[in-house]
Amino acid sequence: MCSSDLMPAPALLSATPAGLYETGSDGLVVGGIALLHGENLAYWDLAASALPLPGELNKTIVEVNGVPAPLFAVSPGEVSLQIPWELSGMSTVSLRVVVDGKASNRIEVALATAAPQLLAAVPAGDNTAAIAPASADSAGTQPGAMQRGSVMVLYGLGLGAVSNPPSSGNGASMESPSLSLELPEVYIGDVPAQVLYSGLAPQWVGVYQINVAVPMDAPAESAVAVQLRVAGTSSNQLMVPVN
């Protein structure tokens, strides 16, 4: 049994975009997944088990501009959350963690238009991409070879504003797509690829799906760099085989 009288107040140290890779932006993205780092942020580890994501887990609440944010998972040293879509248009936000009534310090964090990261690349129709948005710490499975002239599906984080955003904490709709307001530029090798779809991945929270046509003049090699750029910010590179 845990007692709030015995646990020190939470201490909030920093907030970063979730994911495996450093982004070209230090800011968090509205609708995206963020990680809070600190001490005494929760009694113990607990992850959300269903959608919509809850505003409280294990007696931990994260206030973003005073409003509870949807939570993916909490632990004593780290909390993963969604930055609410309702904060669109703001340049900074105030973050505070409250555990069983005890509040942390507040930190001010900048919001970025985009902070793109690529997590996985698979041929269209391949459902093997392993994406874990609750922690956003999976790069997905190794893809099969991409065929020139075929469609490649990319999954990523931090691509920014969409039309028809779902309510915060809910997955994107399959019937009413949430499309990127600014299409990313995608390069396979150094060759621009046509973007066929860019928006939220259906039924996921904070995860984007980008469908691209693999150019016929893309390099045919065992490891070709795939990268996207949106709002002036470049993502990490994924190395994929192309035939």
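Since this is a predicted model, take the numbers as computed values, not measurements.

*Asks:* Lay out unusual backbone geometry with the relevant residues and their values.
*Replies:* Residue Pro52 follows Leu51 across a cis peptide bond; omega there is 0°. Along the chain, Pro52 falls in the loop between strand 3 (46-47) and strand 4 (60-64). Positive phi outside glycine occurs at Asn65, with the angle close to 55°. As for its position among the elements, Asn65 is in the loop between strand 4 and strand 5 (67-68). You can call Asn65 partly exposed: its relative accessible area is 34%. Despite not being glycine, Ala231 shows a phi value in the positive range, around 55°.

*Asks:* Give a description of the pairing of strand 11 (residues 117-123) that names residues and reports values.
*Replies:* Burial analysis of strand 11 places six of its seven residues in the buried class, the great majority of the element. Bridge count between strand 11 and strand 12 (residues 151-157): six bridges; the pairing is antiparallel. Bridging from a neighbouring strand, Gln117 pairs with Leu157 of strand 12.

*Asks:* How would you explain the environment of Glu221 if you had to name every residue and give the values?
*Replies:* With respect to the element layout, Glu221 can be found in the loop between strand 15 (208-213) and strand 16 (224-230). Glu221 sits in the partly exposed class, given a relative accessible area of 46%. Between the C-alpha atoms of Glu221 and Val242, which are 21 residues apart in sequence, the distance is 5.5 Å. Beyond its immediate sequence surroundings of up to four residues, Glu221 is in contact with Val240, Pro241 and Val242.

*Asks:* If you had to explain the sheet that holds strand 6 (residues 71-74) to someone new, which residues and values would you point to?
*Replies:* With respect to topology, five strands assemble into an open sheet ordered 1-2-7-6-3, the strand pairing being antiparallel. Edge strands, defined here as strands with exactly one partner in the open sheet, are strand 1 (11-17) and strand 3. Pairing of strand 1 with strand 2 (residues 33-39), which is carried by six bridges, proceeds in the antiparallel orientation. Note that in strand 2 the partner of Leu12 across the bridge is Gly38.

Scoring rules and cut-offs
- Residues numbered from 1 in each chain as written.
- Predicted model: local features only at pLDDT ≥ 70, side-chain atom pairs only at ≥ 80, totals over all residues.
- Heavy atoms only, no water.
- Helix = DSSP H or I, 4+ residues; strand = E, 2+ residues; numbered from the N terminus.
- Buried < 20%, exposed > 50% of the residue type's maximum accessible area, 1.4 Å probe, protein only.
- Pairing = 2+ DSSP bridges.
- Contact = heavy atoms within 4.5 Å.

Function cannot be inferred from these measures alone, as they are strictly geometric.
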